[in-house]
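What follows is the residue order along each chain.
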Amino acid sequence: MADFGAAISPPGVEAASLAAGLVTALRRAGLATSPDRAVRLAEALRLIPPFAREPLYWTCRVVLVSSREQVPVFDAVFSAVFDGRIDPADSRGATKAEPAIDPGARLRPSPPSGAAKAPSALPKASPPALLPGRERSGEGDGPEREAILAMASAEERMHETSFAELSAEEVGQVRRLVREIVFATPERLSRRTRKSSHNNARLDIRSTVRAAQRTGSDATKLIYAHRRPRPRQLVLLCDVSASMEPYTRVFLSLLQGAVAGARAEAFVFSTRLTRLTQQLAVRNPDQALARAAARAPDWAGGTQIAESLRSFIDAHGRRGLARGAVVVVLSDGWAQDDPGLVATQMGRLKRLAYRIVWVNPRKADVNYRPLAGGMAAALPYCDAFVSGHSYAALAEVAAAVRDGRGTTQERQGNS
């Protein structure tokens, strides 16, 4: 994935530097913001690089603001930083000009058609569409600026729009971006150990005894070791039935990127389960999609969630693939199975997996309620329930895979 510096900040400014500068500017304005917020902000911007001023604003606000009373100060500082009065590359937050920051000003980002001073370029997938804010000559600013604003507005609309409403050309652009999303799973301690020089690690009795045997005397040196951390396995199960067809092409690109970047295991299901890890390991996205379609003969058929989950657990899950793993199910929950069977198989999967994330694009509808038999039966066993219906919404998916934030309340609110 293009790093944050290439996607948002001016040349030479890294995500960490920009995050530190913004946090420092907030502290100078009187907002109590701890340094670890800067770390979290840099990580968020690295996972899902913003493409315009408004998504950047909301990303920063979600990470850095903890109460409603802090919003006016944050708005004023954000405007000062990205209107050029504070240099984001300067970790001290030094101002370029004298105008004071008014904590009472409510300066939120303008809509895309009026975002006149965002200092960034769009992601590398769309290099011509630069946001305003770069250096321009004094002459001819009008037409160039209007063209840049029009392109920025189109890009923002594409990122916020549901995959089902995008044109074929826009779907192709989004697929290229989706393949670059980085998935990071929580860590677990492996059974393998590594020698440690610290005596606060566990004593490695076997190594200590072997060392004593080699010398033919009592142990003269105690050997310590600690268990090595490793990322948890990521498993993705994607519904490719007819009801999911508007989202299938983009979700398959998501699976392809996860297989390449996070060494994930990828499966698709409709009336039967098909493993596609090997088919999606190729670099060419169109070739990967063609190989996946050829491998799954039930593409765009009916949906049998319970039977597909049973096949996965019996053939792969119990043998270790799902044990302690983060399992992501991408499906609208419309199933031909009996809801009781879906609940039974979800219960089995829950006992094996570390976390279950359910991605349902129908959830984006404000009037949606998970009342369909399959979805209603599966929801109590899910640790996260997100929509993932657009490129911007995939940030929720990445966050749920990483740490499962804020999902219990959402499930209760939708039940």
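This is a predicted model, so every value here is computed, not measured. (Residues numbered from 1 in each chain as written. Predicted model: local features only at pLDDT ≥ 70, side-chain atom pairs only at ≥ 80, totals over all residues. Heavy atoms only, no water.)

(A) Layout of the environment of Leu-236. Take Leu-236: it is sitting in strand β4 (residues 234-239). Each C-alpha atom, one on Leu-236 and one on Ala-258, is 8.6 Å from the other, the two residues being 22 residues apart in sequence. Contact partners of Leu-236, with chain neighbours within four places excluded, come to Leu-255, Ala-258, Ala-264, Glu-265, Ala-266, Phe-267, Val-328 and Leu-330. (Helix = DSSP H or I, 4+ residues; strand = E, 2+ residues; numbered from the N terminus. Contact = heavy atoms within 4.5 Å.)

(B) Spatial organisation of the pattern of salt bridges. Taken as a whole and assessed by the stated rule, the structure comprises nine salt bridges. Where Arg-348 meets Asp-314, a salt bridge forms, and the shortest distance between an N and an O atom there is 2.8 Å. Of this pair, Arg-348 sits in helix α12 (residues 339-352) while Asp-314 sits in helix α11 (residues 305-321), placing them 34 residues apart in sequence. Note on Asp-314: relative accessible area 25%, which makes it partly exposed. Salt bridges here are not isolated pairs; linked through shared partners, they connect Glu-307, Arg-310, Asp-314, Arg-318 and Arg-348. (Salt bridge = Lys/Arg side-chain N within 4 Å of Asp/Glu carboxyl O. Buried < 20%, exposed > 50% of the residue type's maximum accessible area, 1.4 Å probe, protein only.)

(C) Fine view of the side chain of Asp-337. Its location among the elements puts Asp-337 in the loop between β7 (326-330) and α12. It is Arg-310 that comes nearest to the buried, bridge-free Asp-337 among opposite-charge side chains, at 8.7 Å. Within polar-contact distance, the side chain of Asp-337 engages the backbone nitrogen of Ile-305 at 2.5 Å. In this structure the side chain of Asp-337 is engaged in a polar contact, spanning 3.1 Å, whose partner is the backbone nitrogen of Ala-306. Residue contacts for Asp-337: discarding those within four places in its chain leaves Thr-303, Gln-304, Ile-305, Ala-306, Glu-307 and Val-342. (Lys, Arg positive; Asp, Glu negative; His and termini not counted. Polar contact = N/O pair within 3.5 Å; in protein donor to acceptor, adjacent residues only side chain to side chain.)

(D) Seen up close, helix α10 (residues 285-295). Buried within α10 are the following residues: Pro-285, Ala-288, Leu-289 and Ala-292. Down the axis of α10, the buried set is contained in an arc of 100 degrees. They therefore lie on one face. Buried residues in α10 make contact with α7 (168-178) and α9 (245-262). (Arc of directions from axis to C-beta.)

By themselves, these figures tell us nothing about what the structure is for.
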